[in-house]
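Tertiary structure, described
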Amino acid sequence: MSAPMAGPAIEKNANAVVFVSLYLLLLAFFIFLHSVSVLQEERVRTVLGSVNIAFAGLSRDTPADRQKKLSGEEQGTQAFHAKLKNVFETAVPLVESRFTQGGTRLQFSVPVRQLFAYRSLELRDTLGTFLEDVAATLIARNNNIATDLEILIGSGIELPELTNISDDIAAQRISYLSQLLMEAGVPSRNISIGVAAGDAGLIHFSFFLRPSLTFQFRPEVAAP
């Protein structure tokens, strides 16, 4: 007597295995699609965050929780600093910038040779509208909050004698810069200039909040 045939049972089990395999493959495919969509969503959020930071003038180095807590004044300060950095870095190669006083004072150190030709009082032609852009940025800032500019130039090892100050090229250059800025519309009350011993090859531009609305220097006393 011959044994019963097992063909139909084996075929049924094989079909079940194929069905389960296809189901698992389909499930894995949907899991993969979901993971890709999450990554893309996170990428979009990151890009949008970068755009928001760029338009707000904020630094990507500013922590996210800090950006959310920034007041309107702080956001304005960071936007002002971002605009200034763009103006200086576009016009002056290898300019150095740094923040002081808790990030409220921004200083640019510019090599004299990048602004003036040798022993000259004229600005280099390659600067284009550099000073006009600096003036426009400072004027726009002062429409919101009083902000000053200090320009300091190094004279070398020693300061020039007062009797020779008018003939000193460092003093002449710093005076010329302030004159050009005032001609571009910056009020004289928002500019202070100075000559310091050392750093003969550098001019420092510092932007900071005006400490008060009083005179920066001793006012002239009217003659009796």
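Residues numbered from 1 in each chain as written. Predicted model: local features only at pLDDT ≥ 70, side-chain atom pairs only at ≥ 80, totals over all residues. Heavy atoms only, no water.

1. Digging into the sheet that holds strand S2 (residues 105–111)
The strand order across the open sheet formed by 5 strands is S1-S2-S5-S3-S4, and the pairing between neighbours is mixed. Each of the sheet's edge strands pairs with one partner strand only, and the pair in question is strand S1 (96–100) and strand S4 (191–196). The mean inter-strand angle of the sheet, taken between neighbouring strand axes irrespective of direction, is 20°. Docked against the sheet, helix H5 (residues 130–142) engages strand S3 (147–154) and strand S5 (202–209), running at close to 145° with respect to S3. (Pairing = 2+ DSSP bridges. Helix = DSSP H or I, 4+ residues; strand = E, 2+ residues; numbered from the N terminus. Axes fitted to C-alpha atoms, helices over the stretch in contact; angles between N-to-C directions. Contact = heavy atoms within 4.5 Å.)

2. Here we look at the packing of aromatic side chains
For the coordinates displayed, the defined rule picks out 7 aromatic pairs. Between Phe 80 and Phe 207, the aromatic rings sit 6.1 Å apart at their centres with planes inclined by 80°, giving edge-to-face as the arrangement. Placement of Phe 80 in helix H3 (residues 72–91) and of Phe 207 in strand S5 is noted, with a sequence separation of 127 residues between them. Just as Phe 80 is buried, Phe 207 falls in that class too. Centre to centre, the rings of Phe 88 and Phe 205 are 5.5 Å apart; their planes meet at 65°, and the pair counts as edge-to-face. Remark: Phe 205 occurs in strand S5 and Phe 88 occurs in helix H3; sequence separation between them is 117 residues. Aromatic ring contacts, followed pair by pair, group Phe 80, Phe 88, Phe 108, Phe 130, Phe 205 and Phe 207 into a single cluster. (Phe/Tyr/Trp six-rings, centres within 6.5 Å; stacked < 30°, edge-to-face > 60°. Buried < 20%, exposed > 50% of the residue type's maximum accessible area, 1.4 Å probe, protein only.)

3. Thoughts on the pattern of salt bridges
In total, this model carries 1 salt bridge according to the counting rule given. Arg 105 serves as the salt-bridge partner of Glu 150, at 3.0 Å between the closest nitrogen and oxygen. Taken as a pair, Glu 150 in strand S3 and Arg 105 in strand S2 lie far apart in primary sequence, 45 residues in all. Note on Glu 150: relative accessible area 26%, which makes it partly exposed. (Salt bridge = Lys/Arg side-chain N within 4 Å of Asp/Glu carboxyl O.)

4. Structural notes on empty space enclosed by the protein
Evaluation of the coordinates by the stated rule reveals 1 cavity of 30 Å³ or more. Here the largest cavity is characterised by a volume of approximately 40 Å³. Those elements giving two or more residues to the lining of the largest cavity turn out to be H3 and S5. In the lining of the largest cavity, the residues fall into 4 nonpolar, 4 polar and 1 charged. (1 Å grid on protein atoms, 1.4 Å probe; cavity = no way out; pocket = protein on both sides within 12 Å on 5 of 7 lines; lining within 4 Å. Points joined across faces, edges and corners; volume = space filled by probe spheres on them. Nonpolar A, V, L, I, M, F, W, Y, C, P; charged D, E, K, R; others polar.)

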